[in-house]
Amino acid sequence: MDVVISGASVAGPVTAYWLRRAGHAVTVVERSPQLRRAGGHAVDLFTPAMGVIERMGLRDAVRDRATGTERMIVRREGSSREVTIDLTRLMGALSDRHVEIMRDDLGEILHDATRHDVEYVFDDRITAIADDGVVTFARSPARRFDAVIGADGLHSGVRRLVFGPEDGYSRWLGGYIAVATIPVGRREPGVMTTVLGADRMVGVYGARHTTDARAFFLFRPPAELAVDHHDVERQKQLLREAFGDLADPVPGLLDEVDRSPAFYFDAITQLVLDTWSRGRVALVGDAGYCPGPAVGGSTSLAVVGAHTLAGELAEADGDTAVAYPAYEAAMADYVHQSRAFATTMARRLVPGSRVGVWALTTGTALVARLPRAVGRRLVALGGDLGLHESVEVRRYPALGDR
Ligand SMILES: Cc1cc2nc3c(=O)[nH]c(=O)nc-3n(C[C@H](O)[C@H](O)[C@H](O)COP(=O)(O)OP(=O)(O)OC[C@H]3O[C@@H](n4cnc5c(N)ncnc54)[C@H](O)[C@@H]3O)c2cc1C
């Protein structure tokens, strides 16, 4: 089978890896001129996703590039008192195998693992998909493929071609997120510092091995903002409006954001499509079921989804009419629970009141101080937090995946 995948970040290369392992010919087309390295943010690989990564033989490569963030220092807005949260203990209360890694580091590892037997085409994108499988590209000549996979993220081009404009199936979760790459300066490695207030949070973190850091901003305005996706100046102005009144170090951070070579701003939106395939086209990762960036464990969902899609295609011997419904059925619960989890997290992460801010910092610090077994029990009582740990990843014999 000849397969084309749009998107070379996480879901694309993982799908490509497993499809190659099942003997299929794979082309990955990526809009960026080269592998993205400058931007990106920290993402989470929970136990089920790490299980897939381990079966790809990439456990050590991924662990070696973990961010190494060990402590989070939280200052509540208007207070000079700092609360230090031991993130190693906090994550230990949730998971044995969780790894936090910069998305672009993960992308590079996955590209390295696939580039020898997958055809990568950068600086190109799919512009049309005909019913007979002929795919038209912006730059490369048209070609026929048996399957077309959209792994091109929250604002997927493949999805737009097949399912129509995004507003028909996306839901704003009430917040906005911005991330900027800034110089690491004299910031301590392994420490994330944050200022948390009602309806807003700002912070800085880095990764052990990188020479730059990330400034991040989360805020919840009373109503959805009118902001164009490409209007970076307006986005930076909105950040100043939302955070400009905060004391040191926030004004300095906002100045660094103005000088940043890599700036990302987006609404925290959730996709609510109830199907992720049509004809010979299937969507995977954020393109199909992003529960909300930064709030829903979406990287793990993307890795597990990619493995499941490739597994079902391999088991059905490339018959998309059999494989795609099986893929959707296999992922349905995980996707729906991730949506519910993300909706709750979007509210919890940036509480709407000062009491909520106090409860979040105190509660999180408490779980981080408790012995691991007790912390685990508390986390379990919180209900939904264990979701990303408890998902079962099926093994597909047709992938040689025992
Ligand atoms: C600010 C921010 C913070 C986040 N924090 C976390 C976190 O803490 N934990 C977590 O687990 N997840 C987090 N995420 C989510 C995480 O980044 C995604 O879930 C994950 O990267 C999904 O991978 P993906 O491969 O599906 O999509 P993406 O990583 O979005 O990759 C899509 C790829 O497709 C390419 N592309 C886009 N359009 C086209 C096109 N038309 N043609 C060809 N190529 C195209 C893009 O250049 C990109 O390479 C965060 C996301 C954001 C934006």
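Residues numbered from 1 in each chain as written. Predicted model: local features only at pLDDT ≥ 70, side-chain atom pairs only at ≥ 80, totals over all residues. Heavy atoms only, no water.

For the chain, an unreviewed UniProt entry supplies the name FAD-dependent monooxygenase and the organism Actinomycetospora straminea.

## Considering the packing of helix H7 (residues 232-243) against helix H8 (residues 250-259)
Across the interface, H7 lies against H8 with an axial gap of 11 Å and an inter-helix angle of 180 degrees. Between H7 and H8, the angle is such that the two are roughly antiparallel. Residues Lys236, Leu239, Arg240 and Phe243 of H7 pack against Val250, Leu254, Asp255, Val257 and Asp258 of H8. Of the residues contributing to the contact of H7 with H8, the split by class is five nonpolar, no polar and four charged. (Axes fitted to C-alpha atoms, helices over the stretch in contact; angles between N-to-C directions. Helix = DSSP H or I, 4+ residues; strand = E, 2+ residues; numbered from the N terminus. Parallel < 35°, antiparallel > 145°, perpendicular 65-115°, else oblique. Contact = heavy atoms within 4.5 Å. Nonpolar A, V, L, I, M, F, W, Y, C, P; charged D, E, K, R; others polar.)

## Digging into the side chain of Thr320
Checked against the element boundaries, Thr320 lands in helix H11 (residues 320-349). For Thr320, the contacting residues outside a window of four places in its chain are Asp146, Ala147, Gly279, Arg280, Leu313 and Pro325.

## Observations concerning the sheet that holds strand S12 (residues 170-183)
One key point about sheets: their strands pair by backbone hydrogen bonds, in either a parallel or an antiparallel sense. Strands sit in the order S5-S4-S13-S14-S15-S12-S16 across an open sheet of seven strands; the sheet is mixed. The strands lining the two open edges of the sheet, one partner per strand, are strand S5 (82-86) and strand S16 (263-271). Direction aside, neighbouring strands of the sheet carry axes that sit 20 degrees apart on average. Across five bridges, the pairing between strand S4 (residues 71-76) and S5 is antiparallel. Residue pairing across strands places Arg75 opposite Glu82, the latter belonging to S5. Seen against the sheet, H7 touches S12, strand S14 (200-206), strand S15 (212-219) and S16 and runs at an angle of roughly 80 degrees to S16. (Pairing = 2+ DSSP bridges.)

## Here we look at the pattern of salt bridges
Enumeration over the complete set of coordinates arrives at 18 salt bridges. We note a salt bridge from Arg115 to Asp112, for which the minimum N-O separation is 3.2 Å. Among the ionic pairs, Glu166 bridges to Arg159, the shortest N-O distance being 3.1 Å. Here the salt bridges share partners, and the residues they tie into one network are Arg65, Asp105 and Glu108. (Salt bridge = Lys/Arg side-chain N within 4 Å of Asp/Glu carboxyl O.)

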